[in-house]
Amino acid sequence: MAREPFQKLTSTAVPLPVENVDTDQIIPARFLKATSREGFGTNLFRDWRYLSDNTPNPDFVLNNPSFSGKILLAGKNFGSGSSREHAAWAIYDYGFRVVVSSFFADIFRNNALNNGLLPVQVSEDFLRQSFDSVQNHPETLFTVDLENQIITNHHTGASEKFEINQYKKYCLLKGLDDFDYLMSIKEKIVRFESQHKLF
């Protein structure tokens, strides 16, 4: 499914300084019945966002009007636990385009990249400074430059390089998923097949 190309994003950020956030906390298992990617954002962090009577939890960051943006600042070891792809769907559907952490579970990282969500892994120092900036100055802007693989904190002026699989980087820059990419090189595939027929 083609999506909007990701090249450079400048946005405020939402701080979630909680370590070891697993996929069941991101999107509880009882909401996994749907098979399309839309609508999962409604239940992102459901058990943290709402109280037992289904009213918004005023202490949870997504219910705090001081914080907004397309970047989620997350604690270390984000996306651990089961390998549900719905976790990436929920974060993307809510409106986030980047998740910043000092460490991601590998399966979550791959699911995020496959669904147009950019996981930016930074040093613990950079992450800590970013949390400080946002919590003390919610209007702090960050720029994520995918082409050059650099994230910048505009409040401190600090920048840091991040790594990304180059194939996934290309797909994000062009707004392609794996199927779109294969279709984009269909002629090359057909040509290769015709040149390497066994019979």
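Here, residues in each chain are numbered from 1, in the same order as that chain's written sequence. Confidence filtering applies because this is a predicted model: local features only for residues at pLDDT of at least 70, side-chain atom pairs given and counted only at 80 or more, and all residues used for totals across whole chains, interfaces and linings. In computing side-chain values, all of the structure's heavy atoms are included and hydrogens and water are not.

Novice: Help me understand helix H4 (residues 106-114) in this model?
Specialist: Since the α-helix advances by 3.6 residues per turn, residues separated by three or four positions end up pointing in the same direction. Relative accessibility thresholds used throughout: buried, under 20% of the residue-type maximum; exposed, over 50%; partly exposed, between the two (1.4 Å probe, protein chains only). Counting from the N terminus, the helices are the DSSP runs of H or I reaching at least four residues and the strands are the DSSP runs of E reaching at least two. Buried within H4 are the following residues: Phe108, Arg109, Asn111, Ala112 and Leu113. In the core, the buried residues of H4 are packed alongside helix H1 (23-26), helix H3 (86-94), strand E5 (118-121) and helix H6 (166-174). Here, residues are in contact when the closest pair of their heavy atoms is within 4.5 Å.

Novice: Is there a simple way to explain the pattern of salt bridges in this structure?
Specialist: Note on pairing: side chains with opposite charge can pair once their charged atoms come close. Counted as salt bridges are all cases of a side-chain nitrogen of Lys or Arg within 4 Å of a carboxyl oxygen of Asp or Glu. Counted according to the given criterion, the structure contains four salt bridges. Measuring nitrogen to oxygen at the nearest pair gives 3.2 Å for the salt bridge that ties lysine 76 to glutamate 124. Pair noted here: lysine 76 is in the loop between strand E3 (71-74) and H3 and glutamate 124 is in helix H5 (residues 124-136), with a separation of 48 residues, a long-range link. When its relative accessible area of 46% is taken as the criterion, glutamate 124 is described as partly exposed. Between aspartate 125 and arginine 128 there is a salt bridge, with its nearest N and O atoms 2.7 Å apart. Of this pair, aspartate 125 and arginine 128 are both found in helix H5, three residues apart, which corresponds to roughly one turn of the helix.

Novice: Even after reading the chapter, I still don't get the packing of H3 against H4, so can you show me in this structure?
Specialist: Convention adopted: a line fitted to C-alpha atoms gives each axis, helices being fitted over their contacting stretch, and angles between N-to-C directions are expressed from 0 to 180 degrees. Two elements in contact, H3 and H4, have axes separated by 8 Å at closest approach and are oriented at 50°. Taken as axis vectors, H3 and H4 run oblique relative to one another. The two elements H3 and H4 meet at a crossing, and its hand is right-handed. Contact residues: Ala87, Ala88 and Ile91 in H3; Phe108, Asn111 and Ala112 in H4. Relative orientations are named as follows: roughly parallel for angles under 35 degrees, roughly antiparallel for angles over 145 degrees, roughly perpendicular for angles from 65 to 115 degrees, and oblique for any other angle. By convention, the crossing between two helices is left-handed when the near helix turns anticlockwise from the far helix through less than a right angle, and right-handed when the turn is clockwise.

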